[in-house]
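The lines below spell out each chain.
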Amino acid sequence: MKHILLAVTGGIAAYKAIDLTSKLTQAGYDVRVMLTEHAQQFVTPLSFQAISRNAVYTDTFIEQNPAEIQHITLGDWADAVIIAPATANTISKLSHGIADDMVTTTLLATTAPKLIAPAMNVHMYENPRIQANMATLKADGYHFLEPGEGFLACGYVAKGRMAEPLDIIASLKQLNEGTQLENVTEANGYFAGKHVLVTAGPTVEVIDPVRFVSNRASGKMGYAIAAALVEQGAHVTLVSGPTHLTPPDGVTFVSVTSAEEMFEAVVSRYDAQDIVFKTAAVSDYTPVTKLTHKVKKQDGNLTVEFERTKDILKYLGEHKTTQKLVGFAAETRDVAHYAQDKLARKNADVIIANNVGDRSIGFNSDQNEVTMYFKGGDVQPIDKGEKTALAYQILSALESRWDV
């Protein structure tokens, strides 16, 4: 088998398909990707095009070559088809012979072996109708990789996680050899078993009992990364400034308020970590004097003297031994310049930068758009999307470079 057709459907596990594409390509397969309309809510065609070096197919009615009917040509081209993640919706449509998009049309047209990796909520997976639909497809010759157990995007810790990319590739090889497929459902990716510390949210610097200095950081990006790491099997410590968010299940949660408290919480745990994600927006300055009584309104101006806080990322960069250090840079201009400068000055392994001047991806937005700057000069942009989806794409980009 050389030609692999990958069908990606609309679930949060679609981020894993990016990593799967990368690993298939590295293993020597020629990969072409199809995305459903709903899959594009989580991942973009450009990500798969950049990794596979092939065009990405999203619409039955957009014929890239007028001399071909693309869903027929793709089906004939494929030596095997992988559907990952496979949602309950797509499984149900296939079992009833419905062909209403690029993915289902091509799958009905191909005679190549088909490997399905379901991913969904545990109750959806166990629903009698879904089980019956999967049984129908198995009887029709489809091969299934059962989902694993672990932290699901819905918050459950149960069965429903899409099989890991390396397990899918192993099953593909078994399929090629004609042997029975065996599931490996334990987390075994790069982050599995790693001790990872994530900082998130703002810090608050007290002026007096009723006034303080802070910033607009919501903590959403850091919390999303922490949740994704738990799902990947990591041991996660989340050190967070004040937010309105609920800590993800499975993390060790440490609540702090000031920059000094965050410094102490991070430094005291640093030696035990394999990786640190410093996503928190830490105050650069703090009042020299914290007043014990409220400052009363008076004529004229008020002057408050500030001093620099401790630079947590710089300290970690200066004292790291074997740790991987991921920093974040929230900028409003010259994003690339400041990110690369920060990467060098702080001795980080990666700086992930975004333009918070764009309110659609700013501190309180549910969406983000970032660029990853790696030590050594590699640069990887990640297109605008939900922060929960971006978290998985960030981890996938790191794993593809570090898991060597």
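Residues numbered from 1 in each chain as written. Predicted model: local features only at pLDDT ≥ 70, side-chain atom pairs only at ≥ 80, totals over all residues. Heavy atoms only, no water.

Undergrad: Describe the overall build of the protein chain, with residues and values.
TA: Across its full length, the protein chain holds 13 helices and 20 strands. The C-alpha extent of the protein chain, read off along each of the three principal axes, is 80 × 40 × 40 Å. Here the contacts in the protein chain between residues at least 6 apart in sequence split such that 66% fall between residues at least 24 apart. Split by element, the accessible area of the protein chain, about 18600 Å² in all, is 48% carbon and sulfur. Across the protein chain, the mean location of the 36 positive side-chain charges is 6 Å away from that of the 46 negative side-chain charges. (Helix = DSSP H or I, 4+ residues; strand = E, 2+ residues; numbered from the N terminus. Contact = heavy atoms within 4.5 Å. Areas by Shrake-Rupley, 256 points an atom, 1.4 Å probe, with all protein chains shown as cover. Lys, Arg positive; Asp, Glu negative; His and termini not counted. Charge placed at Lys NZ, Arg CZ, Asp CG, Glu CD.)

Undergrad: Tell me what's going on with the layout of surface pockets, and back it up with residues and numbers.
TA: Roughly 920 Å³ of internal volume is contained in the largest pocket. Its residues placed into classes, the lining of the largest pocket shows 18 nonpolar, 13 polar and twelve charged. (1 Å grid on protein atoms, 1.4 Å probe; cavity = no way out; pocket = protein on both sides within 12 Å on 5 of 7 lines; lining within 4 Å. Points joined across faces, edges and corners; volume = space filled by probe spheres on them. Nonpolar A, V, L, I, M, F, W, Y, C, P; charged D, E, K, R; others polar.)

Undergrad: So, the sheet that holds strand β9 (residues 195-200): which residues are in play, and what are the values?
TA: Across the sheet, which stays open at both edges, the eight strands sit in the order β13-β12-β9-β14-β17-β18-β19-β20 with mixed pairing between neighbours. What marks the edges here is a single partner per strand, and that holds for β13 (252-255) and β20 (379-386). Strand-to-strand twist across the sheet, computed as the mean angle between neighbouring axes with direction ignored, equals 15°. Bridge count between strand β17 (residues 324-331) and strand β18 (residues 350-355): six bridges; the pairing is parallel. From the neighbouring strand, V326 faces β18, where its bridge partner is V350. Each of β14 (275-278), β17 and β18 is contacted by helix α11 (residues 312-319), which is oriented at about 155° to β17, the strand it contacts most. Packed on one face of the sheet, helix α13 (residues 387-402) meets β14, β17, β18, β19 (367-374) and β20 and runs near 160° to β20. (Pairing = 2+ DSSP bridges. Axes fitted to C-alpha atoms, helices over the stretch in contact; angles between N-to-C directions.)

Undergrad: Tell me about helix α10 (residues 259-267), residues and numbers included.
TA: The set of residues buried in α10 consists of A259, M262, F263, A265 and V266. Elements in contact with the buried residues of α10: β9, β10 (205-208), β12 (235-240), β13 and α11. (Buried < 20%, exposed > 50% of the residue type's maximum accessible area, 1.4 Å probe, protein only.)

Undergrad: Mind laying out the environment of I116, listing which residues take part and the relevant values?
TA: Among the structural elements, I116 can be located in strand β5 (residues 114-118). Under the relative-accessibility criterion, I116 is labelled buried at 0%. In this structure the C-alpha to C-alpha distance between I116 and A27, which are 89 residues apart in sequence, comes to 20 Å.

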